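Reading the structure
Take a look at the letters that make up each chain.
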Amino acid sequence: MASRKTKLLLLKIFSMFSVIRGYNIPIIALAQYLSAIFILAPEKRALDVLLDFNLFIIVIASSLTIASGYIINNFYDSKKDLINRPNKSQLDRLVRQQTKLQVYFSINFIVFLLAFFVSFRAVLFFSVYIFLIWFYSHKLKKIVVVGNLTASFLAVLPFFAILLYYKNLYPQIFAHATFLFLLLLIREMIKDLENIKGDIANNYQTISVLYGENISKKIITFLTVSTIIPIYFLVEIFEVGYMDIYFYISLIILIFFLQMLWKSNSKLDYLKLHNILKFLVVSGVFCIVLIDPSVLLHGKKVIETVIIK
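Residues numbered from 1 in each chain as written. Predicted model: local features only at pLDDT ≥ 70, side-chain atom pairs only at ≥ 80, totals over all residues. Heavy atoms only, no water.

**Comments concerning the overall build of the chain**
From N to C terminus, the chain includes 17 helices and zero strands. The C-alpha atoms of the chain give 21 Å as radius of gyration, which agrees with the globular expectation for 309 residues (19 Å, within 12%). Principal-axis analysis of the C-alpha atoms gives the chain an extent of 60 × 50 × 45 Å. Restricting the contact set of the chain to residue pairs at least 6 apart, pairs at least 24 apart contribute 77%. Split by element, the accessible area of the chain, about 16,500 Å² in all, is 70% carbon and sulfur. Measuring between centres, the 31 positive side-chain charges of the chain sit 12 Å from its 17 negative side-chain charges. (Helix = DSSP H or I, 4+ residues; strand = E, 2+ residues; numbered from the N terminus. Rg over C-alpha atoms; globule rule 2.2 N^0.38 Å. Contact = heavy atoms within 4.5 Å. Areas by Shrake-Rupley, 256 points an atom, 1.4 Å probe, with all protein chains shown as cover. Lys, Arg positive; Asp, Glu negative; His and termini not counted. Charge placed at Lys NZ, Arg CZ, Asp CG, Glu CD.)

**So, the packing of aromatic side chains**
For the structure shown, the criterion picks out 14 aromatic pairs. On the numbers, 5.7 Å between centres and 10° between planes, the contact of Phe131 with Phe135 is stacked. One end of the pair is Phe131 and the other is Phe135, both in helix 8 (residues 120–138) and four residues apart, which spans about a single turn. Classification of Phe131 as partly exposed rests on a relative accessible area of 44%. A centroid spacing of 5.0 Å and a plane angle of 65° characterise the contact between Tyr165 and Tyr166, whose relative ring orientation is edge-to-face. Residue classification places Tyr165 among the partly exposed residues on the basis of a relative accessible area of 23%. Through successive ring pairs, a cluster of aromatic residues spans Phe125, Phe126 and Tyr129. (Phe/Tyr/Trp six-rings, centres within 6.5 Å; stacked < 30°, edge-to-face > 60°. Buried < 20%, exposed > 50% of the residue type's maximum accessible area, 1.4 Å probe, protein only.)

**Structural notes on unusual backbone geometry**
Despite not being glycine, Val145 has its phi angle at roughly 65°, a positive value. Residue placement: Val145 occurs in the loop between helix 8 and helix 9 (146–166). When its relative accessible area of 38% is taken as the criterion, Val145 is described as partly exposed.

**A closer look at the pattern of salt bridges**
Taken as a whole and assessed by the stated rule, the structure comprises two salt bridges. Across the salt bridge formed by Asp48 and Arg45, the nearest N and O atoms sit 3.3 Å from each other. Taking relative accessible area as the criterion, Asp48 reaches 39% and is therefore assigned partly exposed. Among the salt bridges present, the one from Glu188 reaches Lys191, with a minimum N-O distance of 3.4 Å. One end of the pair is Glu188 and the other is Lys191, both in helix 10 (residues 171–194) and three residues apart, which spans about a single turn. Accessibility classification places Glu188 together with Lys191 in one group, the buried group. (Salt bridge = Lys/Arg side-chain N within 4 Å of Asp/Glu carboxyl O.)

Structure below.
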């Protein structure tokens, strides 16, 4: 049987995994690679993209920056989470606040060193990204509207790291980014409705706190309807291959989402809506391959050839 110290160590590791939301980071890394292969660098072979050392460093640096962002956000939100997420908060508190800060600064130092392997521009990008995450967690998060917009922008920013690397400014890239940004912004506003008790107790100036649930629902409805604009461009103007299936299904889901929104009045209701949006974002990542499924078939043939040889 494991000793008491070993069990405590494993609990602390699991606690830190919870703090950095380790289940989210691989999805973001996968999204960066799929975006590079199918959207940002479609003229390159998929294998060349996968074996690109600089891209690998950018993805690792992005993942570590996001992890450090979750740590500093958890650090500043510890009191709020006691109200909104008591069970998760108890797990997160197994790791001391001082330890979280030490890990936070250590991760950011590693990101800074990794960025030097790519370019000075990468160093500058990740320095600004780290600062913005800290400033959001420390100050901007409590400011009405600004907090929601900044959170959504920071969530999209890792894809701009790949964009800067490839220097490709295709119009469809901004249509994809706009759709994702709107989904994330809607999710942030749903989270405000979900966490309204903790926000009131800790003086967070959100739309839900200042103007009430009804106004929040009207703004969410407007943002949800606005997703039609990037979807129209992606489906009708730009070439997205079979991914148009994803966008059509997303529209149907968002219609049901709005129906559920206006019937929602409890934390559990808002949690369901939150999970619907999370599903759309995560499924959207995997559906990127539908832009050109032949890439996967070609990759399979390459692997089979290597194995045979």
